[in-house]
Amino acid sequence: MKNLLIKSAIASGVVLSLATITRPATAASFAVSIENAGVQNAQLSNLVNAHVDTFDSQTQGYSATGFQWNDGQTNIGSYKNTLVLNPDQYGAAGGTGKYFDVDTNRSGNGQTVSTLNLTSPQSYFGLWWSAGDASNVITFLSQGQVVQTLTTADVVSYIANLPNKSSYYGNPNSAFQNQDSGEPFAFINFYDVGGTFDQVQFTNIGGSGFESDNHTVATGYNGITGNIVIQAVPESSSVLGVFAIGFVGAASVMTRRAKKKSVLQLS
């Protein structure tokens, strides 16, 4: 029995050591929500120091060097390894302008990851997620350290279980009304609860695309709006949380909320 206890203690120590190594140095907790069907913009009145990139002024096509994100005289950041496309059934908010994509097939350059480097730390990111699928991954970093990696799989599952799920499927814009009816279209909000990030990576791990538009950042927010898909929990809630927070699909350690709230005020 004594040897068994010693072995158990050693095993526990190894687990805790691995958890410490695995845990990102600046681990954070994110809340994720989606707006009502048809919404293609962030609720700007809820955000502090918000900026929106519509991509409409960018050149169509793939660029390894990317482009700057400027809002008037303010430099918000820069994109690298980018693919900008003209409106079609898969993207472009409002059915006009251009949209952002990560697609190795359409770029012709093996593009699987695009990066947004932000000039200053932000605590909110939002995007109109079009032609969505579970192979889309979004990663948030701070000073080079990953603070959260999330897939859109939970959003797909959440929408699939809604009584009005059909209202999310198919392009909602008149120019491409109901085209691509097998995929969801929704505006997704990502809230860094109690932390900030200065880089966002967009990854497509499958053979499809990661289409989006109306990228929105903000240094702060007044509450969590929309339908909550993933609710942030304290980092120290469990060893499992420490293990899983850095992995794709970190939603497994967060509590899914099916209850709809228009605004969840933060304490």
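What counts, and at which threshold
All residue numbers here refer to positions counted from 1 along the written sequence of the relevant chain. Confidence filtering applies because this is a predicted model: local features only for residues at pLDDT of at least 70, side-chain atom pairs given and counted only at 80 or more, and all residues used for totals across whole chains, interfaces and linings. Values reported for side chains reflect all heavy atoms of the structure, with hydrogen atoms and water molecules removed beforehand. Salt bridge criterion: a side-chain nitrogen from Lys or Arg within 4 Å of a carboxyl oxygen from Asp or Glu. For helices the rule is a DSSP run of H or I covering at least 4 residues; for strands it is a run of E covering at least 2, with both sets numbered from the N terminus onward. Remark: exposure states derive from per-residue accessible area (1.4 Å probe, protein chains only) relative to the maximum for the residue type, with buried under 20%, exposed over 50%, and partly exposed in between. In this tally, Asp and Glu contribute negative charge and Lys and Arg positive charge; neither His nor the terminal groups of the chain are included. Residue contacts follow a heavy-atom distance rule, with two residues in contact if any of their heavy atoms lie within 4.5 Å. Think of pLDDT as the predictor's per-residue confidence, scored from 0 to 100.

1. What to know about the pattern of salt bridges
Now for step 1: Tallied over the entire structure, the rule returns two salt bridges.
Now for step 2: In this structure, Asp88 engages Arg106 in a salt bridge whose closest nitrogen and oxygen atoms are separated by 2.8 Å. A residue pair is termed long-range when its members are at least 10 positions apart, and Asp88 in the loop between strand E7 (82-85) and strand E8 (99-101) and Arg106 in helix H2 (residues 104-107) qualify at 18 residues.
Now for step 3: As a salt-bridge pair, Asp101 and Arg106 come within 3.6 Å of each other at their nearest N and O atoms.
Now for step 4: Relative accessible area serves as the criterion here: at 0%, Asp101 is assigned to the buried category.
Now for step 5: The class of Arg106 is partly exposed, set by a relative accessible area of 35%.
Now for step 6: Here the salt bridges do not stand alone but share partners, grouping Asp88, Asp101 and Arg106 into one network.

2. Things to note about the side chain of Glu183
Now for step 1: With respect to the element layout, Glu183 can be found in the loop between helix H3 (153-160) and strand E13 (186-193).
Now for step 2: No salt bridge is formed by the buried Glu183; its nearest oppositely charged neighbour, Arg106, is found at 8.8 Å.
Now for step 3: In this structure Glu183 touches Tyr90, Ala131, Gly132, Asp133, Tyr168, Tyr169 and Gly170, once residues within four positions along its chain are discounted.

3. Quick notes on the confidence of the model for the protein
In low-pLDDT regions, the fine details of the predicted coordinates are not to be read closely.
Now for step 1: In the predicted model, the protein carries a mean pLDDT of 82, and 76% of its residues have values of at least 70.
Now for step 2: Confidence drops under a pLDDT of 50 for residues 4-27, and excluding neighbours within four residues, the segment shows 22 contacts in the predicted structure.

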